[in-house]
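# Survey of secondary and tertiary structure
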Amino acid sequence: LPADVTVRQDVARVARETAGHLGEPTLLVSNAGVPGPFGPIWMVDPDQWWEAQRLHIYAPLLLLQAVMPGMTARRLGRVIIVSAIASRMAAAYLSAYCVGKIAQTRLTEETALEARTHGVSAFAIDPGFVFTGLAEQTMNSPDAQRWLPGMVGRLRQKQQAPDGDADLARCAERCVQLASGRYDALSGRYFELGDDLDAELLKVAAPR
């Protein structure tokens, strides 16, 4: 069901039509993103910068508001917000992306806190390093080529690598793991693909 996830009416329509086709949602994976704009904060187009935040922050908020009333009422639901490793680091000339991803991780934490007593869990994940359409958009951007030549070079290498899409399967597996309910005790956490969920679960379950 195609939609603009930054438009309230579109998100509401998709939630409504999805429920009509498949039943009430029990899982939300929010994965929309944009890589730019690239460059120094005092040089980037502020409107483009703010539009990136609409996609990174406003869109998941709209999706949460569309599905969580039903999830909390039924006390059944899991939310996975696809953040990025950029959520825990600062990267020059990548402020729109880093700020948006930091916000997504905190939005996940807030959601988990507020939904904990309503039977809904929330997680943030890093999807790994894959050459996607977003990566291609970055690689072809003149601004990225100017300000982030190292990153553009790594993307070119990933594009040519025989296992360039290997993390896609790992990311899908991580989503399935978190959707299973086994790791609900870790709700509110951010995970990267190398993290051992079972080990983290043991830490939570271990006696004090």
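Here the residue index of a chain counts from 1 through its sequence in written order. Thresholds applied to this predicted model are a pLDDT of at least 70 for local features of residues and 80 or more for the giving and counting of side-chain atom pairs; totals over whole chains, interfaces and linings are not thresholded and use all residues. Excluded from the side-chain calculation are hydrogens and water; included are all heavy atoms of the structure.

Glancing now at the layout of surface pockets. Every definition here rests on a 1 Å grid over the protein atoms only: cavities are sets of points where a 1.4 Å probe fits but cannot get out, pockets are open sets enclosed by protein on both sides within 12 Å along at least five of seven lines, and lining residues have some atom within 4 Å of a point. Grid points are joined across faces, edges and corners, and a volume is the space filled by probe spheres set on the points. Approximately 940 Å³ is the volume attributed to the largest pocket. By the criteria applied, helices consist of DSSP H or I runs no shorter than four residues and strands consist of E runs no shorter than two, each listed in order from the N terminus. Of all the secondary structure elements, the ones that give two or more residues to the lining of the largest pocket are α3 (95-115), α4 (133-139), α6 (149-160) and α7 (166-179). Residue composition of the lining of the largest pocket, grouped by class: 23 nonpolar, six polar and three charged. Volume-wise, the second largest pocket comes out at about 270 Å³. Gly falls in the polar group here, along with every residue not listed as nonpolar (Ala, Val, Leu, Ile, Met, Phe, Trp, Tyr, Cys, Pro) or charged (Asp, Glu, Lys, Arg).

Let us now look at the sheet that holds strand β4 (residues 190-191). Think of a sheet as strands paired side by side through backbone hydrogen bonds, with each pair either parallel or antiparallel. For two strands to be treated as a pair, DSSP must find no fewer than two bridges joining them. Spatial ordering of the open sheet is given by β1-β2-β3-β4, a layout of four strands whose pairing is parallel. Edge positions in the open sheet fall to β1 (27-30) and β4, since each of these has one partner strand only. Across two bridges, the pairing between strand β3 (residues 120-125) and β4 is parallel. Each residue of the ladder has a partner; that of A124, found in β4, is Y190. With respect to the sheet, helix α2 (residues 46-74) is in contact with β1, β2 (77-82) and β3, its orientation differing from that of β1 by roughly 170 degrees. Working rule for contacts: check all heavy atoms of both residues, and any pair within 4.5 Å makes them a contact. The angle between two axes is taken between their N-to-C directions and runs from 0 to 180 degrees, where each axis is a line fitted to C-alpha atoms and a helix contributes only its stretch in contact.

Mapped onto the elements of the fold, T6 is located in the segment before α1 (8-22). Burial classes: relative accessible area under 20% of the type maximum marks a residue as buried, over 50% as exposed, and values in between as partly exposed (1.4 Å probe, protein chains only). The class of T6 is buried, set by a relative accessible area of 9%. Here a polar contact is recorded for every N or O atom pair within 3.5 Å, except that within protein the pair must consist of a potential hydrogen donor and a potential acceptor, and residues adjacent in sequence are included only if both atoms are side-chain atoms. At 2.6 Å, the side chain of T6 and the side chain of D4 are in polar contact. The residues touching T6, leaving out its near neighbours within four places in the chain, are R54, L55, Y58, A59 and L62.

Our next topic: the pairing of β1. The alternating pattern of β1 places L28 and S30 on a buried face, while none of L27 and V29, on the opposite face, is buried. In this sheet, β2 lies alongside β1 in parallel orientation, the contact comprising four bridges. Pairing of L28 across the sheet is with V79, part of β2. A clockwise course of the path from the first strand over the helix to the second, judged with the strands pointing away from the viewer, identifies a crossover as right-handed. Of the crossover connections in this fold, the one passing from β1 over α2 to the parallel β2 is right-handed.

Functional significance is not addressed by these values, which are geometric in nature.
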